[in-house]
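A closer look at the structure
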Amino acid sequence: METSIGNDSAIWSWSDANKRQQLNIVDNYTLHLLSDYLIIQPMVRDTKEYLVIDRTSEEIQVLSSLPNVDGAVRRSIHGIIGVINLISGPNLIVITSKQRMGDINGHAIYKVQTTDIIPYARNMSHLNENQIKYNIKYLSMIELVLRTEAFYFSYSYDITHTFQRLQHPSQEFYSTPFIERADQRFLWNRYLLSPFSANRTTAQFALPLIHGFVALHTLNINGRSLSYGLISRRSTQRADYLFVIRGSVPCYWTQLPDLRYKPKVTVLPSNNHLIAFRQHFEEQEHYYGKIFLISLTNHHGAEGKLNAKYRELYEQSQNKKNKFEDFDFHKECAGMRYDRLTILLARIIADLDDYSYFAISKTGILQGQQNGVFRTNCIDCLDRTNVVQSLIAKRILEEQLQRNNVIQYRESIDSYKQLSSIFKNVWADNADVISLQYAGTGALKTDYTRTGQRSAMGLVKDGYNSCVRYVLNNFYDGFRQDGIDLFLGNYRVSSDEGRTPESCPISKELSKKFLALPITMFLAFSMCVINLLIPAASFREQMTYVLFWGAATISTLAITIFWGQELVDAPKLYSKVKRD
């Protein structure tokens, strides 16, 4: 690879092995904060491009010389995430620190560590008391999203695309700014970068982010150097939390939080299930080729009805290119019998070999292409799904290593302690990080992913995480979902919001009358316990008190659950389903 730094541009350029000129984004800037302007200076030798933001007119332009920055407050930043409009006006979001995760073919991949949000407005004097309160709440939503692991980026490599797709780009692909050529499905700051995408001059400063997980490792096996990496990209099209409608089964269904540990799964009455199913898989086939559908949901109860609908739609679609396998994970692996996953692997092994994988030599010679994928889902697409995906990944990795004579034919990566440890921990870390983004806790069943077997301590950890998930899903997910929708532009704040309390959707608060139910239930339960522990004048009298307060506890619990959807923290800004 040849690298050069242009003498008259803020953007680095380099030539790849095929002599294609490619654009990079600058990796370090100085931000000058002035009362009227925000000026971003690329720290590149002889640069002649300076990004200038007018804090009053909100105009963004690139100048060929650095304006007067005397008296400016200076900050070092590592990239521009974008601009978010709140009640107070636009706010610039920048990266203030980053962590290098590793390299892909010599291109550094980073994770965002810390950010800063800088308002264009110098003060809040133009807002009333309510607007200031709501603006702070909106700001806290964005800050929560930015603190959620993990956002990743590269200044010189497009991680929104697969490696296979990057090998066959259009003629002008590499000469266009990153924001234009990125896979829009995985570009999490697309809306935030919209003020910069108006023209290519400002677009060159836009740094695309993906949200998900990245792990990159280098090791030596049998004297051969090996790089192993995993990239998980979350789609912006299904950027929802655990119980705010997800896309794991491609039909119309809901699982709205209502204080139950497992809210009821409901397949919605609709004549468009098959249309949605076909549209979804037409899109997936366009990107990935053949699709093998693996459903890990239960075959009984509400999950069973959803799974039955899934199979029904698959059969009605009459798509001969795709295949379907429903594997009741909980039933088949009951009693911690995770070795029974070999049953599933045996059913899909022929197609796994047929779908193959992408391979290219160091000299650029194409050795093989992937022509299909496994679309794995459970209800949440977290715990069960990650276990099975890691099983498939292990099988493919072993085949790749055998083909390149790194390990012997029929040899397993389990024979190599360092490689086995890296593989298991990468997939367990992937589960934890993705689960943290969706559910607010680490994943369940990661003891199996890390060690190859379930343990008593793993069950205890799963129990703890399940309890935390329950609290987050019922009492915090609405706020977190609002933050995601604000970040992605699904909801856009108007500067007029809050002039009256009714004009701002986040002004709605839970009615205090509903709080009486859980308070009464807690008091009744406390009295029941007290009467059990403290003897009365007679046993009959004691049991009368216990039964009374026990009945009061049960009745208030039943009423609380009945009104459960009124008590949970529901999204206020944007909803994909109607809540009755």
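Residues numbered from 1 in each chain as written. Predicted model: local features only at pLDDT ≥ 70, side-chain atom pairs only at ≥ 80, totals over all residues. Heavy atoms only, no water.

Attention shifts here to helix α8 (residues 341–355). Its 15 residues give α8 an end-to-end C-alpha distance of 20 Å, which sits within 8% of 21 Å, the value for a rise of 1.5 Å per residue. Among all positions of α8, only L341, L344, L345, I348, D351, L352 and Y355 are buried. Residues of α8 that are buried sit in contact with β17 (290–295), β18 (323–326), α7 (329–332), β21 (372–377), α9 (383–403) and α11 (446–451). S356 sits one or two residues past α8 and shows a positive phi near 60°. (Helix = DSSP H or I, 4+ residues; strand = E, 2+ residues; numbered from the N terminus. Expected span 1.5 Å × (residues − 1). Buried < 20%, exposed > 50% of the residue type's maximum accessible area, 1.4 Å probe, protein only. Contact = heavy atoms within 4.5 Å.)

This next bit is on the side chain of H107. Looking at the secondary structure, you find H107 in strand β11 (residues 107–119). For H107, a relative accessible area of 7% translates into the label buried. A distance of 2.9 Å separates the side chain of H107 from the side chain of S156, its partner in a polar contact. (Polar contact = N/O pair within 3.5 Å; in protein donor to acceptor, adjacent residues only side chain to side chain.)

Once that is clear, we can look at the UniProt feature "transmembrane region" (unreviewed entry) in the protein. When the UniProt feature table is mapped onto this chain, "transmembrane region" (unreviewed entry) is found at residues 514–534 and 546–564. Between the C-alpha atoms that bound residues 546–564 there is a distance of 26 Å. The span itself is 95% helix and 0% strand. (UniProt positions renumbered as here; feature names shortened; annotations may be inferred.)

Inspection of the secondary structure puts V568 in the segment after α16 (564–567). Separated by 96 residues in the primary sequence, V568 and L472 place their C-alpha atoms 9.9 Å from one another.

An order of β9-β10-β11-β12-β13-β14 is seen for the 6 strands of this open sheet, with the pairing classed as antiparallel. Taken across any chain shown, the strands that pair with only one partner, and hence form the sheet edges, are β9 (79–86) and β14 (224–233). On average, each strand axis in the sheet is inclined to that of its neighbour by 35°, with strand direction left out of account. Note that strand β13 (residues 210–221) and β14 share 10 bridges and pair antiparallel. From the neighbouring strand, L216 faces β14, where its bridge partner is G229. (Pairing = 2+ DSSP bridges. Axes fitted to C-alpha atoms, helices over the stretch in contact; angles between N-to-C directions.)

Here L51 lies in strand β6 (residues 50–54). Here L51 falls in the buried class, since its relative accessible area comes to 0%. Along the chain, L51 and S64 lie 13 residues apart, while their C-alpha atoms are 9.2 Å from each other. Contact partners of L51, with chain neighbours within four places excluded, come to L38, I39, I40, I60, Q61, V62, I80, F196, T202 and F205.

Right, let's talk about unusual backbone geometry for a bit. Despite not being glycine, N105 has its phi angle at roughly 50°, a positive value. Within the secondary structure, N105 is located in the loop between β10 (89–104) and β11. Judged by its relative accessible area of 53%, N105 falls in the exposed class. In this model, S356 sits at a positive phi of 60°, which is unusual for a non-glycine residue.

So, on to the sheet that holds β21. With respect to topology, 3 strands assemble into an open sheet ordered β18-β17-β21, the strand pairing being parallel. Strand pairing shows two members of the sheet lacking a second neighbour, β18 and β21, which therefore form its edges. Strand-to-strand twist across the sheet, computed as the mean angle between neighbouring axes with direction ignored, equals 15°. Sheet topology places β17 next to β21; 6 bridges connect them, and they run parallel. The partner of I294 across the bridge, within β21, is T376. Strands in contact with α9 are β17 and β21; relative to β21, the strand with the most contacts, it is inclined by about 155°.

Summed over all chains, the structure comprises 25 salt bridges. With its nearest N and O atoms 2.9 Å apart, the salt bridge here joins D103 to R100. Of the residues examined, D103 reaches a relative accessible area of 39% and is grouped as partly exposed. Across the salt bridge formed by D339 and R337, the nearest N and O atoms sit 2.9 Å from each other. Taken together, the shared-partner salt bridges in this structure form one network comprising R165, D183 and R185. (Salt bridge = Lys/Arg side-chain N within 4 Å of Asp/Glu carboxyl O.)

This next bit is on the packing of helix α1 (residues 129–147) against helix α13 (residues 477–488). Axis angle and axis distance: for two packed helices, these are the angle between their axes and the distance between the axes, and together they describe the pair. Relative to each other, α1 and α13 sit at 85°, their axes nearing to 8 Å. Compared by their axis directions, α1 and α13 come out roughly perpendicular. Every residue of α13 that contacts α1 at K137, Y138, S140, M141, I142, L144, V145 and L146 is listed here: F479, R480, D482, G483, I484, L486 and F487. Within the contact of α1 with α13, the residues separate by chemical class into 10 nonpolar, 2 polar and 3 charged. (Parallel < 35°, antiparallel > 145°, perpendicular 65-115°, else oblique. Nonpolar A, V, L, I, M, F, W, Y, C, P; charged D, E, K, R; others polar.)

Let us look at the packing of aromatic side chains. Inspection of the entire model under this criterion finds 18 aromatic pairs. Ring geometry for F151 and W188: centres 6.3 Å apart, planes at 70°, overall edge-to-face. Of this pair, F151 sits in strand β12 (residues 151–153) while W188 is found in the loop between α3 (178–181) and α4 (200–203), placing the two residues 37 residues apart along the sequence. According to the relative accessible area criterion, W188 is buried, its value standing at 0%. Through a chain of ring-to-ring contacts, three or more aromatic side chains come together here, namely F277, F281, Y310, Y314 and F324. A cation over a ring is seen here: K98 above Y110, with NZ or CZ 4.5 Å from the ring centre. (Phe/Tyr/Trp six-rings, centres within 6.5 Å; stacked < 30°, edge-to-face > 60°. Lys NZ or Arg CZ within 6 Å of the ring centre and 35° of its normal.)

On average, residues of the protein carry a pLDDT of 88, and 93% of them reach 70 or more. The low-confidence segment residues 1–11, where pLDDT is below 50, has 31 contacts with residues more than four positions distant or belonging to other chains. (pLDDT = per-residue confidence, 0-100.)

A word on α9. With 21 residues, α9 extends 31 Å from end C-alpha to end C-alpha; this agrees with the ideal 30 Å at 1.5 Å per step. In the stretch just after α9, N405 is the one whose phi turns positive, near 60°.

Let us look at the side chain of S420. On the secondary structure map, S420 appears in helix α10 (residues 417–439). Not counting residues up to four positions away in its chain, the partners in contact with S420 are I413 and D414.

Take the nonpolar core next. Considering soluble globular proteins, one finds that nonpolar side chains tend to be buried as a cluster. One finds L92, Y138, F196, L486 and F487 to be the most contacted residues of the largest nonpolar core, which totals 62 residues. What L486 contacts, discounting residues up to four positions off in sequence, is I84, L86, Y138, M141, I142, Y191, Y491, V493 and L573. In terms of nonpolar packing, the next biggest core, distinct from the first, is built from 37 residues, M101, L226, V406 and I434 among them. (Core = buried A, V, L, I, M, F, W, Y, C linked by side-chain atoms within 4.5 Å.)

Taken residue by residue, a regular strand's side chains alternate between the two faces of the sheet. Of all 6 residues in β17, 5 are buried; the element is thus mostly enclosed. Where β17 lies against β18, 4 bridges are found, and the strand directions are parallel. Along β18, the bridge assignment pairs L293 with F324. Note that the unit made of β17, helix α6 (residues 301–317) and β18 has a crossover that is right-handed. (Right-handed = clockwise from strand over helix to strand, strands pointing away.)

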